[in-house]
Amino acid sequence: MIDEIKPDEILEVLKKRIAGFEMSAGEVETGRIIHVGDGIARAWGLDTIMSGELVEIDVSENRIVTGMVMNLEEETVGIILFSDYELVKENCVVRRTKKVAEVPAGTGLLGRVIDPLGNPIDGKGPVKTDIYKRVEAKGPGIIDRQNVTEPLLTGIKAIDAMIPIGRGQRELIIGDRRTGKTTIAIDTIIHQKQSDPDKQVYCFYVAIGQKRSSVVQLVEKLTKFGVMAYTTIVAATASDPAAMQYLAPYAATAMAEYFRDKGKHALVIFDDLTKHSQAYRELSLLMRRSPGREAYPGDVFYLHSRLLERAAKMSAARGGGSLTALPIVETQEGNVAAYIPTNIISITDGQMFLETDLFNSGLRPAINVGISVSRVGGDAQLKAMKQTASSLRIDLAQFRELAAFMQFSSDLDPATKKQLDRGKRLTEILKQRQNSPITIYKQIMILKAGISGRLDKYPITKLLLYEQELYNFIDANGSSLMEKFRKENKFTEDIESEAEELLDHFETEFHHELMAGDVDSGFTAGLALAMNKRNTGANHNILKLLEGITTRELSSPKLEKELEQIMSGHDLYEHDRFNKLIDTCKILDYDESKDMDTLFHKAAAIMAKELTQLKSGEVFNRLKKREESSSTALSPFFAIPHFVVEGKDIYQLVIFRSLKGIYFTEKAPKVHALFFLSCSLDQRHFHLVVISSLAKIVQHPSFKEDWLKADSIMKLRGILRDAQGSTG
């Protein structure tokens, strides 16, 4: 009888009984891990589970590991594990949650650094929100969208003028490593800062496969510029599992969609989708999905298309909000025809191609205007910018083509020479320092000057100086024009006339032959050499003032001789002149605020009374510009903010003593002795004498203690005089 029982029959009976089993209320469907490794697990027993559903795996009594179902197979399911996957072992219990992957959303995420699951990793406590959004969601349909017509301004001249981005657009940033891709993204975030919350663009930056130190530096930079208040950073770093890197861009998009669906505006930056593709390839190969070209799975195109389709400008009926996407892709040796780059180029609405050769030649941002394009184009461009720079892209492309052709020719006709000169000047004014976005109306004014030929009469080396001085002039004298621009957003006859008058007025005051872009550096370069001599005992932090000086100037025999004369103290005339300066300069006690800008405004108001050619606002701008180029806090105790003015025989010293201390930098959080200097170009030698003497004075053994204890301005002046006598 026993011999007649067959195993197949027993198996069939068991299958029928299992098929008829129904769980009672409250029971949770569970399974068992049958295989685990490399962040991937296979589980048996979860027959009714959904794709993308979250699961919980018991690895110990009080420990749970979270995963997400990625593969649905006939007998088993494939699960990607998000963290602590090394704790998962075979035979661990897997529980369904009956929830697809969700992440927190809402304003509680602003200013935070979180992982792709929404867990905070910035040490600021839990995220405060009750709103959750599905990680995977369909993009809005055609009925729910409208045309992209509203500009998303980046603050970068080359982009806003030639490759405009609209709210709701998907614009690819593509190029080799170290060509400034992330810098463009960060500058765009910085430029979104608004005082009006209704106009604010909420930014989400996704760091995929980056070093943790890079993410920390990014947070510090955004905090420094005061933009973290409207920014969220979703970080899946190189040390995180591939599953987290895969999930990160979808999670950030879900968070950004909250603002889009509320009628607000959001920007999400994916840095970068090349690493995202590689993480997905790793997961797919471990899941044993069929590999295709370059071992990527067949659905790698769908991987990014379903992500980027969620960027949209919503219709008025849906609130009119927008979600703009700036994906970043890394190429190798400029190969934009590689598999992943071509996939993403075909999905997006345009691309900015950054070229290594342009970057290395000093053209930054290093955008190749020939193959960069915005498929939204002028529809999303401010009308005033379109009126000004509509021909700029073609002009530059023609210039570069002509320059490449004419490099073999020495004999140029006047028309060709003029076109080449104009192209060089347009290229020069499109250069821009990183983390220095410019308001759109100032961009329009400098581009108007360049395209109309106003810059043709100036040397190319003076154009960046022209630009900076023009911005300062607009701040001081162009407020009415800027207000009209904001109201009209285009050139009318009146605005055109006023803009031309403003440029004419500026050019009557701009004397490029009296100004040098590196004049501050020229003053202090020699001083840096002098301070570096062993017998001076001066503080080597003075080297912070050294910036942009040519090797030829540093090694000049004439400069060496001049420095030796200063350091030896044999220049008795300048020594006496310095003593008179100490006796006659203004010295003030200042403890109104610890804020540097507040102090600079105070100093500017005092200095402007003597500098009749400059208004208080212009003095402040010059002090601020000098500080931004390189901190003038030469030690944690003292600083020498200084700038150059036009004219002759001008030298001014204003001294502040602050008992509270003024915050300059993290390394100089409490500066107590501040020496504000302004001088004309002909006072170069005396300027070296003054800074050298001040640097020695503040290092006198008793200076700090005496400076803080002095109870009157007269005693402060005496401390300086006595210290100068003992060091002279």
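Notes on the structure follow.

## Brief notes about the sheet that holds strand S5 (residues 76–81)
Pairing in this closed barrel of six strands is antiparallel, and the strands run S1-S2-S5-S4-S3-S6 around the ring. Taking the axes of each pair of neighbouring strands and ignoring which way they run, one obtains an average angle of 45° across the sheet. Sheet topology note: the strand S4 (residues 63–72)/S5 ladder contains five bridges and is antiparallel. From the neighbouring strand, Leu72 faces S5, where its bridge partner is Val77. Those strands touched by helix H6 (residues 273–286) are strand S2 (40–44), S4 and S5, and its axis lies near 40° from that of S2.

## Regarding the pairing of strand S13 (residues 265–271)
In summary, the side chains of a regular strand alternate between the two faces of the sheet. A large share of S13 lies buried, amounting to seven of its seven residues. One ladder, built from seven bridges, connects strand S11 (residues 201–208) with S13; its direction is parallel. Counted as the bridge partner of Tyr202 is Ala266 from S13. Looking at chain direction, S13 and strand S15 (residues 322–330) are connected through seven bridges and run parallel. Residue pairing for S15: Asp271 is matched across the bridge by Ile328.

## Concerning unusual backbone geometry
The phi torsion of most residues other than glycine is negative, and most of the peptide bonds are trans. Omega for the peptide link from Asp271 to Asp272 comes to 0°, which places this bond in the cis form. You can see Asp272 is positioned in the loop between S13 and H6. Between Arg364 and the following residue, Pro365, the backbone shows a cis peptide bond with an omega angle of 5°. With respect to the helices and strands, the residue Pro365 is situated in the loop between helix H9 (356–360) and strand S17 (373–374). Look at Arg178: it is not a glycine, yet its phi comes out positive at around 55°. Accessibility expressed as a relative area gives 69% for Arg178, which makes it exposed.

## So, the packing of helix H5 (residues 242–261) against helix H7 (residues 300–308)
Contact pair H5 / H7: the axes reach a minimum separation of 10 Å and the direction vectors enclose 20°. Comparing their axes, H7 and H5 come out roughly parallel. Crossing hand, H5 versus H7: left-handed. For the pair H5 and H7, contact is made by Tyr246, Pro249, Tyr250 and Thr253 and by Leu303, Arg306 and Leu307, respectively. Considering only residue class, the contact of H5 with H7 consists of five nonpolar, one polar and one charged.

## Topic: the pattern of salt bridges
Evaluated as defined, the whole model comprises 42 salt bridges. Among the salt bridges present, the one from Arg170 reaches Asp349, with a minimum N-O distance of 2.7 Å. Note that Arg170 is positioned in the loop between helix H2 (157–162) and strand S10 (172–175) and Asp349 in the loop between helix H8 (339–347) and strand S16 (350–354), a separation of 179 residues in sequence. Taking the relative accessible area as the measure of exposure, Asp349 reaches 16% and is therefore buried. Between Asp475 and Lys442 there is a salt bridge; the shortest N-O distance is 2.9 Å. Of this pair, Asp475 sits in helix H14 (residues 463–477) while Lys442 sits in helix H13 (residues 440–451), placing them 33 residues apart in sequence. The exposure class assigned to Lys442 is buried, which follows from its relative accessible area of 17%.

## Observations concerning the environment of Ile697
Along the chain, Ile697 turns up in helix H23 (residues 684–697). In the structure, Ile697 is positioned 25 residues away from Asp722 in sequence and 8.9 Å away in space, judged by C-alpha atoms.

## Side note on the nonpolar core
Core analysis: the biggest nonpolar cluster contains 134 residues, and Ile80, Leu392, Met445, Leu447, Tyr466 and Phe485 have the highest contact counts within it. If you tally residues by element for this core, the top one is H5, at 14 residues. Excluding its chain neighbours within four sequence positions, the residues that come into contact with Tyr466 are Ile446, Ala449, Leu455, Tyr458, Leu503, Phe506, Glu507 and Phe510. In this structure, Leu581, Phe686, Ile691 and Ala710 belong to the second largest nonpolar core, which totals 30 residues.

## As for helix H3 (residues 181–191)
Owing to its 3.6 residues per turn, the α-helix aligns residues three or four sequence positions apart on the same side. When you tally the buried positions in H3, you get nine out of eleven residues, the bulk of the element. For H3, the set of buried residues is Lys181, Ile184, Ala185, Ile186, Asp187, Thr188, Ile189, Ile190 and His191.

## Some remarks on the packing of aromatic side chains
Enumeration according to the criterion identifies 22 aromatic pairs in this entry. When the ring of Tyr258 is compared with that of Phe259, the centres are 5.1 Å apart and the planes differ by 85°; the resulting orientation is edge-to-face. By relative accessible area, which is 1% here, Phe259 ends up buried. For the ring pair Phe600 and Phe664, a centre distance of 6.2 Å and an interplane angle of 70° mean the geometry is edge-to-face.

Calculation criteria
Residues numbered from 1 in each chain as written. Predicted model: local features only at pLDDT ≥ 70, side-chain atom pairs only at ≥ 80, totals over all residues. Heavy atoms only, no water. Pairing = 2+ DSSP bridges. Helix = DSSP H or I, 4+ residues; strand = E, 2+ residues; numbered from the N terminus. Axes fitted to C-alpha atoms, helices over the stretch in contact; angles between N-to-C directions. Contact = heavy atoms within 4.5 Å. Buried < 20%, exposed > 50% of the residue type's maximum accessible area, 1.4 Å probe, protein only. Parallel < 35°, antiparallel > 145°, perpendicular 65-115°, else oblique. Left-handed = near helix turned anticlockwise from the far one by under 90°. Nonpolar A, V, L, I, M, F, W, Y, C, P; charged D, E, K, R; others polar. Salt bridge = Lys/Arg side-chain N within 4 Å of Asp/Glu carboxyl O. Core = buried A, V, L, I, M, F, W, Y, C linked by side-chain atoms within 4.5 Å. Phe/Tyr/Trp six-rings, centres within 6.5 Å; stacked < 30°, edge-to-face > 60°.

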